[in-house]
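Spelled out from the first residue to the last, the chains are:
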Amino acid sequence: LPALATCTHQLSGYIPRRFHFAPGRGKRLALSHMFQPQNLREDQVLSLEGRSGDLTCKSHRLMLQVGLIHPASSGCYHLLPYTVRAMEKLVRVIDQEMQAIGGQKVNMPSLSPAELWRATNRWDLMGKELLRLRDRHGKEYCLGPTHEEAITALVASHKTLSYKQLPILLYQLTRKFRDEPRPRFGLLRGREFYMKDMYTFDASPEAAQRTYSLVCDAYSSLFDRLGLQCVKVQADVGSIGGTMSHEFQLPVDIGEDRFVVCPRCSFSANMETLDSSQTNCPACQGPLTDTKGIEVGHTFYLGTKYSSIFNAQFINVHGKPALAEMGCYGLGVTRILAAAIEVLSTEDCVRWPGLLAPYQVCLLPPKKGSKEEAATELMEQLYDYITEVVPQLRGEVLLDDRTHLTIGNRLKDANKFGYPFVIIAGKRALEDPAHFEVWCQNTSEVVFLTKEAVVALL
Ligand code: ATP
Ligand code: MG
Ligand code: MG
Ligand code: MG
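Please read these numbers as outputs of a predicted model, since none were measured by experiment.

Topic: the UniProt feature "domain: Aminoacyl-transfer RNA synthetases class-II family profile" (unreviewed entry) in the protein
UniProt feature "domain: Aminoacyl-transfer RNA synthetases class-II family profile" (unreviewed entry): in the numbering of this structure it lies at residues 88–358. Segment residues 88–358 splits into 27% helix and 31% strand. End C-alpha atoms: 9 Å apart.

What follows is the structure, given as structure tokens:
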């Protein structure tokens, strides 16, 4: 059943409805059946990480404490079930944004042959960050840290591309590998992480600029939908190259980047591009303010830097071959999850962007043997009612059936995990009609509602 449940979203047409809720007790998702480490103490978390000092990064500490991630080796983490659920939701939102601007999803191998990287000289330029290996025949490879070479070679192999087919926007969402000198802060800087990388091919510099703006707007829309207030800043092109570049920075003190913004005009730039002694805005001369941030996205206008090397051409309006104008666009998928937790959470409790919370609703039936025990059945009925009446919430409602614990203890856990809605069957559940206590975590409100009103609220 668990194996079936993981693929229900692809196969829902073929699987009898009763399988939708596995795993769990009966057809309800029950917390006691989950692989979910709970409430690790700070010293336990430190020993998991093999550290003696403090974990200075809040999201890193919280994600370990509530069992969202588990260290595998330096800079590599197991993503546990709650995180995978949140990431799948993030992937869906990213897919929507990328496909709304014409993005087509591909999936390229992580194993990338050295000759591609030698062609652009990045086999040497990338230095120790590139994770290199040889196969049994002695052939050299790296584990892809990014895919400009691979995608350009792929598009170059398509010899009949016409200007009428452009722009082409190809993207993927895959693991990336970088031997970071200082992997740290959990998912914020890993050696193996998920990135969404898009590559665009246009017929002219003007068309490529339009595509560039389109992708930047899609990124802004994504961050708006997630409720993350990112700043788009001018950025350095680094080893990827090109002529224009922007980063999407999430302002927060733990961030490893520094950028300046001009409160008077819209100018903003990463300090890497600026004369750091400059205190006035180059655009309007107003005083600049300087902020730390986490780089969650990065866009590059590449021109023909890669298409000229791999001969990625299309047939232009005159029937002649011409080089494609390219752009590339990265989003740190696992980094966004951790960065969102970093900015939204309190010191002790995880908070998620509403769209990404692993489960939307957590139901707390009464403690076994308590005065309210009779309300247990009402809670189960509420579970069935919600999932029947609100189809979008199927698979989103969790029953915290650890009824040997008090409601208070389970409520504390639920608060820590950050379910947007927590519903308790207390004394008033035994009234006629039953009233359930609903904790709205994101607004810190508590209301007493009948089951019909609960559904209306959700
Ligand atoms: P940084 O400056 O933080 O090292 P970068 O500039 O090297 O990042 P890019 O090459 O621009 O990264 O990659 C695109 C996106 O991938 C970044 O904007 C970031 O969100 C994400 N990313 C990069 N490196 C990591 C990492 N080590 N762990 C998690 N996410 C990363
Ligand atoms: Mg880097
Ligand atoms: Mg950077
Ligand atoms: Mg970058």
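Details of the packing of helix H4 (residues 58–65) against helix H11 (residues 333–344)
In contact at an axis separation of 8 Å, H4 and H11 are set at 105° when each is read in the N-to-C sense. As far as their axial angle goes, H11 and H4 are roughly perpendicular. Of the residues in H11, those in contact with Lys58, Ser59, Leu62 and Met63 of H4 are Ala338, Ile341 and Glu342. Across the contact of H4 with H11, the residue classes tally to four nonpolar, one polar and two charged.

Quick notes on the sheet that holds strand S6 (residues 140–143)
If you walk across this open sheet you meet the three strands as S4-S6-S5, and the pairing is antiparallel. For this open sheet the edge positions go to strand S4 (111–113) and strand S5 (131–134), each flanked by a neighbour on one side alone. Direction aside, the axes of adjacent strands within the sheet are offset by 40° on average. One ladder, built from four bridges, connects S5 with S6; its direction is antiparallel. Looking at the pairing, Arg132 lines up with Cys142 of S6.

Considering the site of ligand 1
Close contacts around ligand 1 come from 16 residues, with Phe193, His298, Gly330, Gly332 and Arg335 the closest. Counting only elements with at least two residues in the shell around ligand 1, the list comes to strand S8 (192–202), strand S13 (289–303), strand S16 (325–332) and H11. The class makeup of the residues in the shell around ligand 1 is three nonpolar, eight polar and five charged.

Focus: the packing of helix H5 (residues 81–100) against helix H9 (residues 205–226)
Orientation of H5 relative to H9, taken along the N-to-C sense of each, is 150°, at an axis distance of 10 Å. Classed by the angle they form, the pair H5 and H9 counts as roughly antiparallel. The chirality of how H5 crosses H9 is right-handed. Taken together, the residues of H9 that come into contact with H5 (itself represented by Val93, Ile94, Glu97, Met98 and Ala100) are Ala218, Ser221, Leu222 and Arg225.

As for the confidence of the model for the protein
In the predicted model, the protein carries a mean pLDDT of 92, and the fraction of residues at 70 or more is 94%. Residue range residues 1–25 is modelled with pLDDT below 50. Its contacts to residues more than four positions away, or to other chains, number 28 contacts. Scoring of the predicted complex yields 0.93 for pTM and 0.99 for ipTM.

Quick notes on the rules
Residues numbered from 1 in each chain as written. Chains lettered and ligands numbered in written order. Predicted model: local features only at pLDDT ≥ 70, side-chain atom pairs only at ≥ 80, totals over all residues. UniProt positions renumbered as here; feature names shortened; annotations may be inferred. Helix = DSSP H or I, 4+ residues; strand = E, 2+ residues; numbered from the N terminus. Axes fitted to C-alpha atoms, helices over the stretch in contact; angles between N-to-C directions. Parallel < 35°, antiparallel > 145°, perpendicular 65-115°, else oblique. Contact = placed C-beta atoms within 7 Å. Nonpolar A, V, L, I, M, F, W, Y, C, P; charged D, E, K, R; others polar. Pairing = 2+ DSSP bridges. Near = placed C-beta within 6 Å. Left-handed = near helix turned anticlockwise from the far one by under 90°. pLDDT = per-residue confidence, 0-100.

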